[in-house]
Amino acid sequence: MQNTSEIPHLVERHQDDLIGLADRVWGMPETLYAEWQSCAEHAAMLRAKGFRITENVAGLPTAVMGEAGNGGPVIAILGEYDALPGLSQVAGIDYRQEVEAGGNGHGCGHNLLGSAAMLAACAVKDWLEATGTPGRVRYYGCPAEEGGAAKTFMVRDGAFDDVDAAITWHPSCFTRVDDPLALANTRMDFTFTGRAAHAAASPHLGRSALDAVELMSVGVNYMREHMVQDARIHYAYLDAGGKAPNVVQSTARVRYSIRALKLADMLALVERVRKVAEGAALMTETTVEARVFTAVSNHLENLTMDRAMQAALDELGGVPFDEEDRAYARRIQATLSAQDIATEWAIVAREPEPGVELCDWVVPMRPGGEVLIGSTDVGDVTWKVPTTEVLVATCAIGTPFHSWQLTAQGKSGIAHKGMVHAAKAMGRVAQMLLADPALLAEAKAEHARRLEKTPYICPLPADLPAPILPRP
Ligand SMILES: [Zn+2]
């Protein structure tokens, strides 16, 4: 058992069970720390596959971890299973139709994300057993990626302390090693408290919390001219104080999302926004309480890990889509604009190719295309241990994520083939790291070198609890 085809073969042994799991999770879309059923399904599958289970990982009731193997290094394979609100959609069709009006849906493909990660772990578990190689593989079922920053809390609270390297993936339009780019992001709530008064009879007695929020926005908007280029700041009113204009609003709350490409830049911006809030309170004779909701770090690159992933992808080749997949992808593409499709091609530095609906090849590493950068809690894991993330084609080229079109494709042959392919790539990298101590040592040395230059500062306050929900 030393040839490079063994991991793909071992993946295939478990693929039907894990495709079944992905489809079940698709059918029970749960969001933000409410992934009760999805987490239970993942725990049950880990148990059925013979993993040693830890529930309530880092105190998060919808997180689960399964471990197999003995001694040696620990390789973590990270999965997710949270859905998004408002993206309920019937599977397998090419028009908008909700399963449940206003319901949740798997519009980011996390039903596949968790199942493929566990599928990879199953194959590595079999390989460890068959070869007697010392080492452990862990599947981490991580909740609340969408806005809940579960992995950041898990890193802060020690869930990855004894891990040597981490591997993850995300569904995508193209198959490629992910660029090491993600924005550090702090979500913070500012609650202003003033004094209510009759707005006509005794306005001089009122101190408006709503005025304070508006002045804070003005201050932050003036700040924009003097920020680093890649910073992003957005805000939403959580509570405008009331609906009656004849009452001076005594409370108001706004949520800010403060992002930058470098963790240190983001932390500096957070302090400046805090000062603007305090200034707004001073101007209006109100008080302000600032509270971090969640926060995530940017992505710390690990070239050693990414090169190993590229090698695994090159060995495997592209996802083997068939004619039925292409026909469905064409129908989905007919619902997209030419700009949707061109934007996706630009990410891999190519012009749209008419007649190419699905990516059945491997994009070269760091293609140098347009960058569209979001934020993810994988960022904090990249700072904790050497990490690589692969993107694998699971949908028609041009499909926007967080859309009904993505939910619709979530149980298709396209999604299933992409998911199995992702498991093969991740399993192969885990095998490379376990079989080759020099490779793992190189990845760890690179990680240490990068941290020496810029140490990790957890963006979460030490005492901030995760916004978990009570068990129903
Ligand atoms: Zn996602």
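Residues numbered from 1 in each chain as written. Predicted model: local features only at pLDDT ≥ 70, side-chain atom pairs only at ≥ 80, totals over all residues. Heavy atoms only, no water.

**Remarks on the sheet that holds strand 3 (residues 74-80)**
Sheets are built from strands that pair by backbone hydrogen bonding, the pairs being arranged parallel or antiparallel. Pairing within the open sheet is mixed, and its 7 strands lie in the order 1-2-4-3-5-11-6. Edge positions in the open sheet fall to strand 1 (52-55) and strand 6 (176-177), since each of these has one partner strand only. As paired elements, strand 6 and strand 11 (residues 387-393) share 2 bridges and run antiparallel to each other. Within strand 11, the residue paired with arginine 176 across the bridge is leucine 391. Where helix 7 (residues 303-316) meets the sheet, it contacts strand 5 (165-172), strand 6 and strand 11, and its direction lies at approximately 30 degrees from that of strand 11. (Pairing = 2+ DSSP bridges. Helix = DSSP H or I, 4+ residues; strand = E, 2+ residues; numbered from the N terminus. Contact = heavy atoms within 4.5 Å. Axes fitted to C-alpha atoms, helices over the stretch in contact; angles between N-to-C directions.)

**So, the pattern of salt bridges**
Scanning the model with the defined rule gives 33 salt bridges in all. The salt bridge partner of glutamate 67 is arginine 52, with a shortest N-O separation of 2.7 Å. In this pair, glutamate 67 is assigned in strand 2 (residues 64-70) and arginine 52 in strand 1, connecting sequence segments 15 residues apart. Taking the relative accessible area as the measure of exposure, glutamate 67 reaches 11% and is therefore buried. The salt bridge involving arginine 207 is made with glutamate 285; its shortest N-O contact spans 2.7 Å. Of this pair, arginine 207 sits in the loop between strand 7 (184-193) and helix 5 (209-223) while glutamate 285 sits in the loop between helix 6 (263-284) and strand 10 (287-296), and the two are 78 residues apart along the sequence. Among the charged side chains, a network of salt bridges with common partners joins Arg52, Glu67, Arg136, Arg138 and Asp162. (Salt bridge = Lys/Arg side-chain N within 4 Å of Asp/Glu carboxyl O. Buried < 20%, exposed > 50% of the residue type's maximum accessible area, 1.4 Å probe, protein only.)

**A word on the sheet that holds strand 8 (residues 232-239)**
The antiparallel open sheet is built from 4 strands, whose spatial order is 8-9-7-10. Of all strands in the sheet, those bounded by a partner on one side alone are strand 8 and strand 10. With strand direction ignored, the average angle separating the axes of adjacent strands in the sheet is 20 degrees. In terms of strand pairing, strand 7 meets strand 10 through 9 bridges, oriented antiparallel. Within strand 10, the residue paired with aspartate 189 across the bridge is arginine 291. Across the face of the sheet, helix 5 comes into contact with strand 7, strand 8 and strand 9 (251-260) while running at roughly 20 degrees to strand 9. Packed onto the sheet, helix 6 meets strand 7, strand 8, strand 9 and strand 10 and runs at close to 10 degrees relative to strand 7.

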